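# Observations on the model geometry
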Amino acid sequence: MTTSGDDEVLGRVYDARLARRLLRYVRPYRGIVAGAVVLLCIEGGLQLVGPALTRHVIDVALPARAAGVVTTAAALFALTLVLQFAAGYGETVLTGLLGQHVMRDLRTELFARLQRLPVAFYDRNPVGRLVTRVTSDVEALNELFTAGVVAGLGDLFTLVAIGVMMLVVDWRLSLAAFAVMPFVLLASRVFQTRVRGSYREIRTRLARINAFVQERLTGLRVVQLFGRERAERTRFRRLNDDHLDAHLRSIRIYALYFPVIEILTTVALASLVVSASSRVGAPGAGGLSVGTVAAFLQLVRRFFQPLQDLSEKFNILQGAMAASERIFALLDEPLESGSPSTLDARRSTLAPADVEASARVPAEGGRVGAPNAHGVTVEFQDVWFTYGDATAADPQWVLRGVSFRVAPGETLALVGHTGAGKTTVVSLLLRFYEPQRGRILVDGADIRELPLDELRARIGFVQQDIFLFAGDVASNVRLGAALTDAEVQAAAARVGADRVVERLPDGWHHQLGERGASLSVGERQLLAFARAIAADPGLLVLDEATSAVDSEAEARIQAALATLMRGRTTIAIAHRLSTIVAADAILVLHHGQVVERGRHAELLARDGLYARLYRLQVAQAAEASRPAA
Ligand SMILES: Nc1ncnc2c1ncn2[C@@H]1O[C@H](COP(=O)(O)OP(=O)(O)OP(=O)(O)O)[C@@H](O)[C@H]1O
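About the thresholds
Counting of residues starts from 1 at the beginning of each chain's written sequence and follows it residue by residue. Confidence filtering applies because this is a predicted model: local features only for residues at pLDDT of at least 70, side-chain atom pairs given and counted only at 80 or more, and all residues used for totals across whole chains, interfaces and linings. Here the side-chain values reflect all heavy atoms present in the structure, with hydrogen atoms and water set aside. Exposure classes here rest on a 1.4 Å probe applied to the protein chains alone. A residue is buried below 20% of its type maximum, exposed above 50%, and partly exposed in between. Helical segments are the DSSP runs of H or I of at least four residues, strand segments are the runs of E of at least two, and each set is numbered from the N terminus. Using a 1 Å grid laid over the protein atoms alone, points where a 1.4 Å probe fits but cannot get out form a cavity; open sets with protein on both sides within 12 Å along at least 5 of 7 lines form a pocket; any residue with an atom within 4 Å of a point counts as lining. Grid points are joined across faces, edges and corners, and a volume is the space filled by probe spheres set on the points. Charged residues are taken to be Asp, Glu, Lys and Arg, nonpolar residues to be Ala, Val, Leu, Ile, Met, Phe, Trp, Tyr, Cys and Pro, and polar residues to be all remaining types, Gly included. UniProt positions are given in the numbering used here, feature names are shortened, and annotations may be inferred rather than shown by experiment. Consider each residue's heavy atoms; a residue with any of them within 4 Å of a molecule or strand counts as near. Two N or O atoms form a polar contact when they lie within 3.5 Å of each other; inside protein one atom must be a possible hydrogen donor and the other a possible acceptor, and for residues adjacent in sequence the pair counts only when both atoms belong to side chains. As a rule, the C-alpha atoms of each element are fitted with a line to give its axis, helices using only the stretch in contact, and angles between N-to-C directions run from 0 to 180 degrees. Convention used here: angles under 35 degrees read as roughly parallel, angles over 145 as roughly antiparallel, angles from 65 to 115 as roughly perpendicular, and any remaining angle as oblique. Here, two residues are considered to be in contact whenever any of their heavy atoms come within 4.5 Å of each other. Here the rule is simple: two strands pair whenever DSSP picks up at least two bridges between them. A pair of aromatic rings is counted whenever rings of Phe, Tyr or Trp (Trp by its six-membered ring) have centres within 6.5 Å, and the orientation is called stacked for planes under 30 degrees apart, edge-to-face for over 60 and tilted otherwise. What counts as a salt bridge is simple: a side-chain nitrogen of Lys or Arg found within 4 Å of a carboxyl oxygen of Asp or Glu. In this analysis, a patch consists of residues with relative accessible area above 30% that form no salt bridge, clustered at 9 Å for like charges and at 5 Å for the nonpolar side chains Val, Leu, Ile, Met, Phe, Trp and Tyr. In these tables, accessible area is a Shrake-Rupley quantity obtained with a 1.4 Å probe, and a residue counts as shielded only by the protein chains included in the view.

## Re helix H14 (residues 422-429)
- Counting buried residues along H14, seven of its eight residues qualify, which places the element largely inside the surrounding structure.
- Within H14 the residues assigned to the buried category are Lys 422, Thr 424, Val 425, Val 426, Ser 427, Leu 428 and Leu 429.
- Directly after H14, the chain includes Arg 431, whose backbone phi takes a positive value near 60 degrees.

Okay, structure coming up:
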C-alpha cells in the first residue's frame, strides 16, 4: 500500500526559522494585519465594559433608584454590543482576506516552482503528494492566518486585559477565582497531547484514503476487468472505518475537554462566591459591594472562554508549522539547471497560462523555433548515463559511451530491444536528465550551456501518446504559442489532422475529455503531429507508438510523418518499418551501447542484431495486418 510518507510527520508547535519565513508572505499585507490586530484589541477592551457597567448599576444606580443612570447604562451596553459586532465583523473579514492573499501567493509560487523542477524530481515524488502540497498544506496555512495567529493574539490580549482588570478591582477575589488555574492548565496540557496524537492519526488515515482512491480510479479498467470491485470496496471500507475511528477518538477528546473546562469555570465561580460571601457588605477596606461580585462573575466567564480557544489554536499552529515545513522544502528544491534566472523572475509574475506561453516564445519575441529550412545538427560524444548513483562501485550504466552525429535534415532511427536505452537517449537530448560523462551538442553548442527554453524551442517532441489538456482542440494544438486560428488550422491541414477535427461535433471548439479519451489512437497521433508542426521546430524527436492502427490510419500517419519530417532533422525511436527503412542512419542499441550503425540495406546485409530485430518486426507487422479469423 502507498504510504503517506512525510504527510504523517507533525512538526513542532513553533519554529522561529519557519515563522520568519512565513512572515515574509505576510509582509505585503501588514496593513491588513495591523487593522485586524487593532480590531481584536478593541473587541477585547469592549469585553470589560459590560462588567464595569453591571457593577456601577448594582452599586450606584439601583440603590439610588436612578432610572436615568440605568437607562444610560443599558444604552451604553447596547452600543458596546454594536461596536463589538462591528469589530468582530471587520476582524473576520480582514483575517480572511489575509489568509486568502497569502494562500494565493503561495500557490502561485509553488506551481511556478513545480513547473520548473527537473523530470528526475518527478521520478522520486508521487504526483498525489505534490497536489497535497498545493491544496491541503496551503489550506492548513490559511487556518493559521484566519483562525490562528491573529485571533490567538486577540485571545491573549483579552486574557491579559481581563486578568489585569480583575487584579486591579480586587486581588483577593481574583486569586480565589484563579485557584483553579493549575487544573485548567493540566487539563489543557493533557488535551493538547491527546489531540496531537489523534490529529496525526486522522491525517495518516486520510492520506491512505486519498492514495487508495487515486490509485483505484486511475486503474479502474484493471479493477473492472479483473472483477475486483467487491474486494476493493471491502478494502476501502476498512480504510474508511479506520479514518472514522480516528475521528471518533478526537471527538471524544473534545467532548471530554470542553465540559471539564466548563466544570472548572463553575468551580472558579463557586470559589469566588464563597470567598466573597464573608466580605459582602462588610465595612472598611475588606468590604465588597454586590456590584463588584456581579462584575467578577461576568469577568471570570469571559476569562475562561479564550483559554479554551487557545488550546484549539495550539493544534492549528502545530498543523500549520508542519505544513509550512513541507511547503518550504518543495520551494527549496533545486531547479532544472539552465533555467535562466531573469526569465524565471519574469515568469513568476505571470499567470500559469502566460507562463506556458512564455516558455515557448523566445526572449526577442519572435515565433517559436523560427522556420529552419535545414534542421539542426545533433551530436552525442561518448555519452555515459545512469539513473542511479554514478559514483557507486559498480554504476548501473544505462548508456555506455554512445556517440553519433546527425546532420541537418537527416533522419536517425534508434532501434533496439526493450530497455536498450532508446528513450534515455531522447530524454538526455531534451535535458530531462544530464549525462554523467560525455557531451551532447546541438548546432555545435553544448546543451548544458544553452538556456533550457532555447534548446526546447528548437525541438518538437512527439510522444507515443499525446498528452491532451482539458480544453478545446485548438488550444491543445496551439499549446500557448502565439498562433492565430488560421495558422493552427493550416498546421493541422498539413498533417491531415483537419479531417479528425471536422468529424468532432464542435470542430475546433470541441472540448476534449480527460486526456482526450474520446479520440482514437490514430486520431491522437495526428493531433500530436499537428502540435509539433505548428511549433515548426528544426529538430523533430519522435517516439513512435507501438500500438497498431488499421492500414488506412497507418497510411494517413505515414503521409503526415513524411510532411512533418521534411526539411527537419529527425531522431526517431522507430517502431514503423517505413521510418526505419527510409532513415539516413540507423543506430542499434544493445544494453546501452551502440552495437551497429548504418543504413537499412547495409545492416541487413551484415545479418547481425538489426537483421534479427527487423525479421521480428516484419513478422509482427504481417501478424497484425492479417485479418482476424
Ligand atoms: N526514470 C528511470 N529511473 C530509473 N531507471 C530507468 C528510468 N527510465 C528507464 N530506466 C531504465 O533504464 C533502462 C533503459 O530504459 P529506456 O526507457 O531508455 O529503454 P528503451 O530502449 O527506450 O525501452 P522501450 O523500447 O521499452 O521503451 C531500462 O533498464 C529502464 O528500466
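## Considerations on empty space enclosed by the protein
- All told, the structure shown has three cavities of 30 Å³ or more when counted by the stated rule.
- Taken as a whole, the second largest cavity spans an internal volume of roughly 50 Å³.
- Taken together, Leu 428, Arg 431, Tyr 433, Glu 434, Pro 435, Gly 438, Arg 439, Ile 440, Asp 446, Ile 447 and Arg 448 form the lining of the second largest cavity.
- No other element matches strand E4 (residues 437-442), which puts three residues into the lining of the second largest cavity.
- A class-by-class count of the residues in the lining of the second largest cavity yields five nonpolar, one polar and five charged.

## So, the UniProt feature "transmembrane region" (unreviewed entry) in the chain
- Per the UniProt entry, the sites bearing "transmembrane region" (unreviewed entry) are residues 29-50, 62-83, 144-167, 173-191 and 254-274 in this numbering.
- The distance separating the terminal C-alpha atoms of residues 254-274 is 30 Å; by composition the span is 100% helix and 0% strand.

## Observations concerning the site of the ligand
- As a matter of local geometry, the ligand sits amid Asp 123, Tyr 387, Val 398, His 417, Thr 418, Gly 419, Ala 420, Gly 421, Lys 422, Thr 423, Thr 424 and Tyr 433.
- Here Gly 419 contributes a backbone N or O atom positioned 2.8 Å from an oxygen atom of the ligand.
- At a separation of 2.9 Å, an oxygen atom of the ligand approaches a polar side-chain atom of Lys 422.
- Considering each element in turn, the shell around the ligand owes the most residues, three residues, to H14.
- Its residues placed into classes, the shell around the ligand shows four nonpolar, six polar and two charged.

## Considering unusual backbone geometry
- Of note in this structure, Arg 65 is not a glycine but carries a positive phi near 50 degrees.
- Within the secondary structure, Arg 65 sits in the loop between helix H3 (49-61) and helix H4 (67-116).
- One non-glycine residue, Arg 431, adopts positive backbone phi at about 60 degrees.
- Position of Arg 431 relative to the elements: it lies in the loop between H14 and E4.
- For Arg 431, a relative accessible area of 5% translates into the label buried.

## Quick look at the packing of H3 against H4
- At a minimum axis separation of 10 Å, H3 and H4 run at an interaxial angle of 175 degrees. On the basis of their axis angle, the class for H3 and H4 is roughly antiparallel. When H3 is examined against H4, the residues Val 49, Gly 50, Leu 53, His 56, Val 57 and Ala 61 are found in contact with a partner set consisting of Val 69, Val 70, Ala 73, Leu 76, Phe 77 and Thr 80.
- Counted by class, the contact of H3 with H4 contains nine nonpolar, three polar and no charged residues.

## Thoughts on the packing of helix H1 (residues 16-26) against helix H11 (residues 290-331)
- Relative to each other, H1 and H11 sit at 75 degrees, their axes nearing to 10 Å. Our classification of the angle between H1 and H11 gives roughly perpendicular. Along its contact with H1, which presents Arg 17, Leu 18, Ala 19, Arg 21, Leu 22 and Tyr 25, the element H11 presents Met 321, Ser 324, Glu 325, Phe 328 and Leu 331.

## So, the pairing of E4
- Pairing of strand E1 (residues 378-385) with E4 involves five bridges; the strand directions are antiparallel. Across the sheet, residue Val 378 finds its bridge partner in E4, namely Val 442.
- Bridging between E4 and strand E5 (residues 445-446) involves two bridges; their strand directions are antiparallel. The residue bridging Leu 441 from the neighbouring strand is Asp 446, located in E5.
- Linking E4 to E5, which pair antiparallel, is a turn of two residues; within it Asp 443 sits at a positive phi near 50 degrees.

## Overview of the environment of Arg 439
- Relative to the helices and strands, Arg 439 is located in strand E4.
- On a C-alpha basis, the gap between Arg 439 and Val 402 in space is 9.9 Å, while along the polypeptide they are 37 residues apart.
- Leaving out residues up to four positions away in the same chain, Arg 439 has contacts with Glu 379, Phe 380, Gln 381, Val 383, Asp 446 and Arg 448.

## Thoughts on the packing of aromatic side chains
- A full pass over the atoms with the stated rule returns 15 aromatic pairs.
- Ring plane angle 80 degrees and centroid distance 5.3 Å describe the contact between Trp 384 and Trp 397, whose orientation is recorded as edge-to-face. Separated by 13 residues along the polypeptide, Trp 384 in strand E1 and Trp 397 in the loop between E1 and strand E2 (399-406) bring together distant segments of the chain.
- Given the relative accessible area of 12%, Trp 397 is considered buried.
- Clustering of aromatic rings is evident, with ring pairs tying together Phe 191, Tyr 254, Tyr 257 and Phe 258.

## Some words on the sheet that holds strand E11 (residues 585-590)
- Strand order in the open sheet formed by six strands is E6-E9-E10-E3-E11-E12, and the pairing between neighbours is mixed. In this open sheet, the two strands that pair with only one neighbour each are strand E6 (459-462) and strand E12 (593-598). The sheet shows a mean angle of 20 degrees between the axes of neighbouring strands, direction not considered.
- With four bridges connecting them, E6 and strand E9 (residues 539-543) associate as parallel partners. Paired with Val 462 across the two strands is Leu 542, which belongs to E9.
- Lying on the sheet, helix H20 (residues 551-565) is in contact with strand E3 (411-416), E6, E9 and strand E10 (569-573); it crosses E9 at an angle near 150 degrees.

## Observations regarding the pattern of salt bridges
- Under the counting rule described, the total for this entry stands at 23 salt bridges.
- Across the pair Arg 124 and Glu 333 runs a salt bridge whose closest N-O atoms are separated by 3.6 Å. Remark: Glu 333 occurs in the loop between H11 and helix H12 (341-348) and Arg 124 occurs in helix H5 (residues 119-124); sequence separation between them is 209 residues.
- A network of salt bridges, in which partner residues are shared, links Glu 215, Arg 216, Arg 228 and Glu 232.

## Digging into the environment of Val 398
- Note on placement: Val 398 falls in the loop between E1 and E2.
- Along the backbone, Val 398 and Gly 592 are 194 residues apart, and their C-alpha atoms lie at a distance of 5.1 Å.
- In this view, Val 398 contacts Phe 385, Thr 386, Tyr 387, Ala 420, Gly 421, Thr 424, His 591 and Gly 592; residues no more than four positions away in its chain are not counted.

## Looking at a nonpolar patch on the surface
- A cluster of nonpolar side chains, namely Leu 76, Leu 79 and Leu 83, defines an oily patch on the protein surface of about 260 Å² accessible area.
- You can call Leu 79 partly exposed: its relative accessible area is 46%.

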